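Okay, here's what each chain looks like letter by letter:
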Amino acid sequence: MAHADNRGKAAGQPGVDLLVVGGGVMGLWTALHAARSGRSVTLVEKRRIGAGASGGVLGALMAHLPDRWNAKKAFQFEALVSLEAEIAALEAETGLSAGYRRSGRLIPLPKPHNRDLAVRTAGEALSHWRTPDRAFAFEVLDRAPAAGWPASAAMAHGVVHDQLAARLSPRALLAALRAALGQLANVTIREGVGVSGLDPHAGAVGFDDGTDLSFGHCVLAAGVEAFDLLESLSLPVARPLGSAVKGQAALLKASVDPELPVIFADGLYIVPHDDGLVAVGSTSENDFTDPHGTDGLLDALIERARVTAPVLADAPVVERWAGLRPRAIGREPLVGRHPDHARISLMAGGFKVSFGIAHRLARQVLNEIEGGTLDVPPSFAVAAHFEEARRL
């Protein structure tokens, strides 16, 4: 359905159907799906596209384990499966690669109980990790699929090969999304422009460069900064609606087959990318003084990666990265219409899972804006997070 009318335009002011605040993966997918449906869209980014957590280097796309199946795991599974076709269409449309590959994931099993749990989980995957056309195994192997990936010492009791997991290049995906938006005449992208004031009742926003805009609807997708914007629009709550979690990661130059699976070992990610690069990450720091500086925590992570994957032993570090990831109070994505402001919706709090589900969340949020239902797990809904924030 096309949306040619610019609802909410104030007299004498420019207007837009949808204002998207934030140029990360959440905001870009929202803007693209909206623009493809015919809405006029303005996307504003305080710094530059991908300046926040979305501009990192890791790119691992991994599912929750298929045990204790619930609505959240089902939603994520369906999103990870559908993302493959979404990216293929995006690449065909723009001629750009997003660095996507369904490479799978290896989970070393260092202790006997790890193997026992993995065997039980493999049976759950047979039931839950399937569509009418495809199934994805969670196999327990005695040997790694490739020698030294991971090291034998790291997998004393075998290794899991998860065939659902994938990887992409975060920055390449953002570039492709931006390129797709740039091909559409009904889209305006403004970088280096922050929000100075937002009036959800009038459908008006002021920017820090002195300009303003009227809008029919606004989606806040500004990562960590979305929490501050949200709290400025909401009644006081007992606890903050979200917080920043610092993450650190690195890129290493190594002769590693880009088809190899991602390694995930006790919080350590080792992600082979194209062009001879391997990403290593990431930390999860709730307390920090320098949000964008790297330190000894990253050094320790790199050393763990060199031991876990010996091929990286002498691989030079070509980039060190740190940034702030948005974690909502309920620890799940924060999506949907604001309970007090009909013109405002949220796409925030994705933390570690945004890249795998943002495309699907965007469709749901836009469907709700148009009067449809918000078909997401109950724990994702804005109301659930507000309820949590009100508890003393």
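Draft legend 1. Up close: the nonpolar core. Residues Trp29, Leu173, Met347 and Leu361 are the most contacted members of the largest nonpolar core, which totals 58 residues. Broken down by secondary-structure element, the contributors of at least two residues to this core are strand E1 (15–21), helix H1 (25–36), strand E2 (41–45), helix H2 (71–94), helix H3 (112–128), helix H4 (170–182) and helix H7 (354–369). Every residue in contact with Leu173, bar those within four places of it in the chain, is listed here: Val25, Trp29, Ile87, Leu90, Ala98, Leu168 and Phe355.

Draft legend 2. A look at the packing of H1 against H7. One way to put it is that H1 packs onto H7 with a least axis distance of 8 Å and a crossing angle of 40°. One finds that H1 runs oblique with respect to H7. Read as a crossing pair, H1 and H7 show a hand that is right-handed. Contact with H1, carried on its side by Val25, Met26, Trp29, Thr30, His33 and Ala34, involves Ser354, Phe355, Ala358, His359, Leu361, Ala362, Arg363 and Leu366 of H7 and no other residues of that element. For the contact of H1 with H7, the residue count by class is 9 nonpolar, 4 polar and 1 charged.

Draft legend 3. View of the packing of aromatic side chains. Within the structure shown, the criterion is met by 5 aromatic pairs. A centroid spacing of 6.4 Å and a plane angle of 70° characterise the contact between Trp69 and Phe77, whose relative ring orientation is edge-to-face. Here Phe77 falls in the buried class, since its relative accessible area comes to 5%. Arranged with centres 6.1 Å apart and planes meeting at 75°, the rings of Phe77 and Phe136 form a pair that is edge-to-face. Remark: Phe136 occurs in the loop between H3 and strand E5 (138–141) and Phe77 occurs in helix H2; sequence separation between them is 59 residues. Of the two residues, Phe77 and Phe136, both sit in the buried class. When the ring centre of Phe351 is taken as reference, the NZ or CZ atom of Arg327 above it lies at 5.2 Å. Directly above the ring of Phe75 sits Arg360, whose terminal nitrogen or CZ lies 4.1 Å from the centroid.

Draft legend 4. Examining the packing of H2 against H7 more closely. Taken N-terminus to C-terminus, the directions of H2 and H7 make an angle of 90°; their axes are 8 Å apart at the nearest point. For the element pair H2 / H7, the angle class is roughly perpendicular. Only Phe355, Gly356, Ile357, His359, Arg360, Leu361 and Arg363 of H7 make contact with H2, whose side of the interface consists of Phe75, Gln76, Glu78, Ala79, Leu80, Ser82, Leu83 and Glu86. When grouped by side-chain class, the residues that make up the contact of H2 with H7 number 7 nonpolar, 4 polar and 4 charged.

Draft legend 5. Local environment of the sheet that holds strand E13 (residues 262–265). If you trace the 8 strands from one edge of the open sheet to the other, you get E5-E6-E4-E13-E14-E15-E12-E16, paired in mixed fashion. Looking at the sheet topology across the chains shown, the edges are occupied by E5 and strand E16 (317–328). Strand-to-strand twist of the sheet, defined as the mean angle between neighbouring strand axes without regard to direction, takes the value 20°. Here strand E4 (residues 105–108) pairs with E13 via 2 bridges, running parallel. For Leu106, the partnering residue across the bridge sits in E13 and is Ile263.

What counts and how
- Residues numbered from 1 in each chain as written.
- Predicted model: local features only at pLDDT ≥ 70, side-chain atom pairs only at ≥ 80, totals over all residues.
- Heavy atoms only, no water.
- Core = buried A, V, L, I, M, F, W, Y, C linked by side-chain atoms within 4.5 Å.
- Buried < 20%, exposed > 50% of the residue type's maximum accessible area, 1.4 Å probe, protein only.
- Helix = DSSP H or I, 4+ residues; strand = E, 2+ residues; numbered from the N terminus.
- Contact = heavy atoms within 4.5 Å.
- Axes fitted to C-alpha atoms, helices over the stretch in contact; angles between N-to-C directions.
- Parallel < 35°, antiparallel > 145°, perpendicular 65-115°, else oblique.
- Left-handed = near helix turned anticlockwise from the far one by under 90°.
- Nonpolar A, V, L, I, M, F, W, Y, C, P; charged D, E, K, R; others polar.
- Phe/Tyr/Trp six-rings, centres within 6.5 Å; stacked < 30°, edge-to-face > 60°.
- Lys NZ or Arg CZ within 6 Å of the ring centre and 35° of its normal.
- Pairing = 2+ DSSP bridges.

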